[in-house]
Each structure stands twice: as structure tokens, then as C-alpha cells.
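Descriptive structure summary
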Amino acid sequence: MLNISVIVNTVAVIIGSLLGLFGGKLLKERYRKVFFQVIGLLTMGLGISMFLDTNSVLVVLGSLIVGGAVGEFFDIEEKIGRLVGKRSEDANFVKGFITASVLFVAGPVTVIGSLRAGLSGENELIYIKSLMDGISSVMLAATLGKGVLLSAAAVYLVQGGLVSLAGVLSFLQTPQYMGDFSGVGGLMLLGLGIRLLEIKEIKVGNFLPALILSPIFTWVSMLFT
């Protein structure tokens, strides 16, 4: 049976996204641009903050290089666009989905909260995250559109998977694993911020394999220390 906190988090993103979509229609274009820039700056700030928790820069570097190469080979972001039904007239659709998904699932709170919920039934951390995600999704959806709403599926699948496999993945709570995972997620968020501010178009979706590779590379690095 799926943990109630995962459902609460998913519903919070859905409700926040719907509110943002409705409110976004009432915003004039110039105000929407301002919010777009605020989200970009905030995302960069969160990314830098998460990267500062890195345990091993080499693990983060290796994860992103290999993960990015794998993602580029399979062109993951483009395939995600096709999967979620990207429409040419909605340029922000995939950008909204990727931005919200990475923001909501690539942080240490997601991993620690989900593992605690699965191992001991402690849901408080996910409830707090649900409130944060709900508020964030309002702003994201108002700016980036319908793609943010679909990120609720990513929240449900990733957090539900972590809760279900908590007994096997409990080692991820250790500082070494958590620090490197946070570092990888942080640089991905930094890339999203750069993309949102239109400094450079970075296909952050192609770096998603790095989040899976990070624990593996951390384990390997620990064998030599």
C-alpha cells in the first residue's frame, strides 16, 4: 500500500499547479517575465546551496560527465518531450516539466523523507516538503505552464519507489551518499537556473542519469578510501 505522504505530496503539486495555471492567465506578460527571472535566480541559489554539501567533487564530476553522455546518447529530454506530449506551440511545456520534476525530486529532502516514511512511517518531512512543493508549483505553473502539472507524476513515481524500496536503499541516508547526490542535484538545478534566465540553453533532462549514477560512484570511491 502506498504511503499517504506520497499521495499528499502529489496532490499538493497538482493543486498548486492548477492554482498557478489559473492565476498565470491573469498576469500581464511583463509581470510573468519578472516571475520567470525570480524563479531562475531562486533555482540557481538553491543549486549552489545544494552543491556546497558535496562530499566528493570527483564523484559529482564523474556522475555528471557519464550521466550527461548517456543522456545525450539517448536524447532523454527529447524523448521525455514526446512522452509527455510536447506541443510545438507551447515552448515552455517540456521546460516546465523538467524544471519542476528536478526541483521536486532531486533534493536530499526527497530521499531522506521517503526513506524515513518507508522504514519507520515518519511522514513529517514529506509533509513539510509537500507544503514547499505546493507553493513552488503555484509560481512555476504561473510562469512555465502546464508542464509543471505533469511533474506530479514524477513526484508520485520517484517518491513512491523510494518508499517501497526503503529497506534496500536505507544506506543512501549516510552523509557520503547524501552529500554527493545533493551535489549532482545542485548542479542540475544551477543548469536549470541558467536555462530559465536564458543565459544558455542547457538540456538538463539529459543529465537525469547522473542522479542514478551518483550513489554507484560514491560506493566505488569509498572502496579506495
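For the structure, check the block above.
Reference entry: report on the structure contained in this document. What you are looking at is a predicted structure, and each value in this text was computed from that prediction instead of being measured. For every chain, the first residue of the written sequence is number 1, and numbering continues from 1 along that sequence. Local features are withheld for residues below a pLDDT of 70 in this predicted model, meaning they are given only at 70 or higher, and side-chain atom pairs are given and counted only at 80 or more; totals for whole chains, interfaces and linings count all residues. Each side-chain value is worked out from all heavy atoms of the structure, with water and hydrogens disregarded.

Let's talk about the overall build of the protein chain
- To qualify as a helix, a DSSP run of H or I must reach at least 4 residues; to qualify as a strand, a run of E must reach at least 2; elements of each kind are numbered from the N terminus. Looking only at helices and strands, the protein chain features 11 helices and 0 strands.
- Sequence-ordered secondary structure for the protein chain, helices as α and strands as β, is α-α-α-α-α-α-α-α-α-α-α.
- Each radius of gyration reported is based on C-alpha atoms, and the globular scaling rule is 2.2 Å times the count of residues to the power 0.38. Since a compact globule built from 225 residues should have a radius of gyration of about 17 Å, the 17 Å found for the protein chain is in line with a globular shape.
- Dimensions of the protein chain, computed from C-alpha atoms along their principal axes, come out at roughly 55 × 40 × 30 Å.
- Only protein chains enter the area calculation, which uses a 1.4 Å probe; residues under 20% of their type maximum are buried, those over 50% are exposed, and those in between are partly exposed. Out of the 225 residues in the protein chain, the part that is buried amounts to 48%.
- Between two residues, a contact is recorded if the distance between any of their heavy atoms is within 4.5 Å. Partitioning the contacts of the protein chain with sequence separation of at least 6, the portion at a separation of at least 24 is 84%.

Points about the layout of surface pockets
- Volume-wise, the largest pocket comes out at about 730 Å³.
- Around the largest pocket sit 29 residues that line it, and Val158, Phe181, Leu208, Leu211 and Ile212 are the ones nearest its centre.
- Breaking the lining of the largest pocket down by element, the ones donating at least two residues are helix H4 (76-83), helix H5 (93-105), helix H6 (108-120), helix H8 (147-164), helix H10 (175-196) and helix H11 (209-223).
- Residues are sorted three ways: Asp, Glu, Lys and Arg are charged, Ala, Val, Leu, Ile, Met, Phe, Trp, Tyr, Cys and Pro are nonpolar, and all the rest, Gly among them, are polar. Its residues assigned to classes, the lining of the largest pocket shows 26 nonpolar, 3 polar and no charged.
- Empty space within the second largest pocket amounts to approximately 490 Å³. Computed over the protein atoms alone on a 1 Å grid, cavities are sets of points where a 1.4 Å probe fits but cannot get out and pockets are open sets with protein on both sides within 12 Å along at least five of seven lines; a residue lines them when it has an atom within 4 Å of a point. Grid points are joined across faces, edges and corners, and a volume is the space filled by probe spheres set on the points.

Description of unusual backbone geometry
- Look at Asp75: it is not a glycine, yet its phi comes out positive at around 50°.
- The residue Asp75 is located in the loop between helix H3 (57-74) and H4 in this model.
- Owing to a relative accessible area of 24%, Asp75 belongs among the partly exposed residues under this scheme.
- Here the phi dihedral of Glu198 falls at roughly 60°; this positive angle occurs in a residue that is not glycine.
- Of note, Glu198 is situated in the loop between H10 and H11.

Remarks on the nonpolar core
- The biggest cluster of nonpolar side chains holds 27 residues, and the ones touching the most others in it are Ile98, Val102, Val111, Val184 and Met188.
- Among the elements of the structure, H3, H4, H5, H6, helix H9 (166-169), H10 and H11 are those that each provide at least two residues to this core.
- If near-sequence neighbours (up to four positions away) are discounted, Val184 is found in contact with Val60, Ser63, Leu64, Ala210, Leu211 and Ser214.
- Joining through side-chain atoms within 4.5 Å is the link that ties buried Ala, Val, Leu, Ile, Met, Phe, Trp, Tyr and Cys residues into a set, and such a set is a nonpolar core. Grouped together as the second largest cluster of nonpolar side chains are 14 residues, Val13, Phe104, Val148 and Leu196 included.

Re the environment of Ser130
- The topology assignment puts Ser130 in helix H7 (residues 124-144).
- Sequence spacing of Ser130 and Val6 is 124 residues, and the spatial spacing of their C-alpha atoms is 8.6 Å.
- Residues within four places of Ser130 in sequence aside, it is in contact with Ser5, Val8, Asn9 and Ala12.

Comments concerning H5
- Compared with an ideal rise of 1.5 Å per residue, which puts 13 residues at 18 Å, H5 spans 18 Å between its outermost C-alpha atoms and is within 8% of the ideal.
- Among the 13 residues in H5, 12 count as buried, and that is most of the element. To estimate how far a helix should reach, multiply one less than its number of residues by 1.5 Å.

A closer look at the packing of aromatic side chains
- Here the aromatic set is Phe, Tyr and Trp, taking the six-membered ring for Trp, and pairing holds for ring centres within 6.5 Å; pairs whose planes are under 30 degrees apart are stacked, those over 60 apart are edge-to-face, and all others are tilted. One pass over the full model with this rule turns up 2 aromatic pairs.
- Both rings, one in Phe73 and one in Phe74, keep their centres 5.0 Å apart while their planes meet at 90°; by these two values the pair is edge-to-face.
- Between the aromatic rings of Phe171 and Tyr177, the centroid separation amounts to 5.0 Å while the plane-to-plane angle is 70°, which identifies the pairing as edge-to-face.
- For Phe171, a relative accessible area of 35% gives the class partly exposed.
- Under the relative-accessibility criterion, Tyr177 is labelled buried at 8%.

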